[in-house]
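Here are the chains, one letter per residue:
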Amino acid sequence: MSVELLPDGRVKKPEWLRVKLPTGKKHRELRGLVDKYKLNTICQSGSCPNMGECWGEGTATFMILGNVCTRSCGFCGVKTGRPEQVDWAEPEKVARSIKLMQIKHAVLTSVDRDDLKDMGSIIWAETIHAVRRISPGTTMETLIPDFQGIEKHIDRLVEASPEVLSHNMETVRRLTREVRIQAKYDRSLEVLRYAKEAGQRRTKTGIMLGLGEFEDEVFETIQEVANAKVDVITIGQYLQPTKKHLPLKEFITPEQFKKYEDFARGLGFRHVESGPLVRSSYHAEKHIL
């Protein structure tokens, strides 16, 4: 579906992308805790349309290693620049936030830290260990950067043993250089393949559509991800964060998302989430099963 602009220049969203405001007792409780203790969740800072549903299920996403990224991906709303010094107390802070919020399943993500010798992998591992110690009933998904494909950094995460290790492909091969300027399509595939071969029980990836990819390219990416023995794939709609980011080329219809879902299920993925409102952490609590 082509993109239509409103008189004020904003993109007119189709009916299937309109969501209700988050409600419910659990959401109100978590919102109150986040505001009171100034906790940092991607759910809020990323204005996720599924926040109410996820918080209602006791799932939330936390970003570690600061909020300034060393990379400048064309789709991402996170600031780019010189990151601050590593906060070595952060693992404890995040773990205590998860405990305070009584999170059943936590998704951890981070900016890229190419400025660090360990790419941030030590803080990553320490955060997993801290959550295990302080909130032992919480399961975890770790949505990691590519760590420039350096195996010893990936090993730290695998050894820390999160329930799910996730790394997003984001887009098809042809568009990777434009969408993920400092990333490489095959390197991301290799991160997923290596993690599985190194002993990670469950691996996961996500792609977003509407950037100008063709149907056969999406099928190719899904197939290559399946070949890397990835267990879970999420497929969602790209929405332009600001006018400075990559333009939205088209809205993908629910029927087309269903077509991709059927194709992926036919390849044997354990879980497939495919739809306009799907984000990489959507239904994350189900992906550990």
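Here the structure is shown first, and the text comes after it.
Calculation criteria
- Residues numbered from 1 in each chain as written.
- Predicted model: local features only at pLDDT ≥ 70, side-chain atom pairs only at ≥ 80, totals over all residues.
- Heavy atoms only, no water.
- Core = buried A, V, L, I, M, F, W, Y, C linked by side-chain atoms within 4.5 Å.
- Buried < 20%, exposed > 50% of the residue type's maximum accessible area, 1.4 Å probe, protein only.
- Helix = DSSP H or I, 4+ residues; strand = E, 2+ residues; numbered from the N terminus.
- Contact = heavy atoms within 4.5 Å.
- Pairing = 2+ DSSP bridges.
- Right-handed = clockwise from strand over helix to strand, strands pointing away.
- Expected span 1.5 Å × (residues − 1).
- Axes fitted to C-alpha atoms, helices over the stretch in contact; angles between N-to-C directions.
- Parallel < 35°, antiparallel > 145°, perpendicular 65-115°, else oblique.
- Nonpolar A, V, L, I, M, F, W, Y, C, P; charged D, E, K, R; others polar.

*Asks:* So what exactly am I meant to see when it comes to the nonpolar core here?
*Replies:* Most often, soluble globular proteins keep nonpolar side chains buried together rather than apart. Counting 35 residues, the largest nonpolar core has F62, L65, I98, L108 and W124 as the members making the most contacts within it. Residue assignment for this core shows that the elements contributing at least two residues are β3 (59–64), α4 (90–100), β6 (105–110), α5 (121–134), α6 (151–160) and α8 (185–197). The leading source of residues in this core is α5, at seven residues. Once residues lying within four places of it in the same chain are set aside, the contact partners of L108 are F62, V94, I98, W124, T127, I128, M140, E141, T142 and L143. Ranked by size, the runner-up nonpolar core spans 31 residues in total, among them L211, L246, I252 and F257.

*Asks:* When you look at the pairing of strand β7 (residues 139–143) in this model, what are you seeing that I'm missing?
*Replies:* The side chains of a regular strand alternate between the sheet's two faces. Taking burial as the measure, the five residues of β7 include five buried ones, the bulk of the element. Judged by which residues are buried, β7 turns out to be covered on both faces: T139, E141 and L143 on one side and M140 and T142 on the other are all buried. The sheet contact formed by β6 and β7 spans five bridges and is parallel. Opposite T109, over in β7, you have L143 as the bridge partner. Between β6 and its parallel partner β7, the chain crosses via α5, and the hand of that crossover is right-handed. Note that β7 and strand β8 (residues 164–166) share three bridges and pair parallel.

*Asks:* I'm lost on α5 in this one. Help?
*Replies:* Side chains of residues three or four places apart in an α-helix project in the same direction, reflecting 3.6 residues per turn. Over its 14 residues, α5 runs 20 Å from end to end, which matches the ideal 20 Å to within 8%, given 1.5 Å per residue. For α5, every residue scored as buried is listed here: S121, I123, W124, A125, T127, I128, A130, V131 and I134. Residues of α5 that are buried in the fold lie against β3, α4, β6, β7 and α6.

*Asks:* What am I meant to see in the environment of V218 here?
*Replies:* Mapped onto the fold, V218 is located in helix α9 (residues 215–227). For the pair V218 and I207, spaced eleven residues apart in the sequence, the C-alpha separation amounts to 8.9 Å. Apart from the residues lying within four places of it in its own chain, the contact partners of V218 are V172, I207, L209, E213 and Y260.

*Asks:* Is there a simple way to explain the packing of α5 against α6 in this structure?
*Replies:* Two packed helices can be described by the angle between their axes and the distance between those axes. With their axes 9 Å apart at the nearest point, α5 and α6 run at an angle of 5° to one another. One finds that α5 runs roughly parallel with respect to α6. For the pair formed by α5 and α6, the contact residues are S121, I122, W124, A125, I128 and H129 on the first element and H153, R156, L157 and A160 on the second. Here the residues of the contact of α5 with α6 sort into six nonpolar, three polar and one charged.

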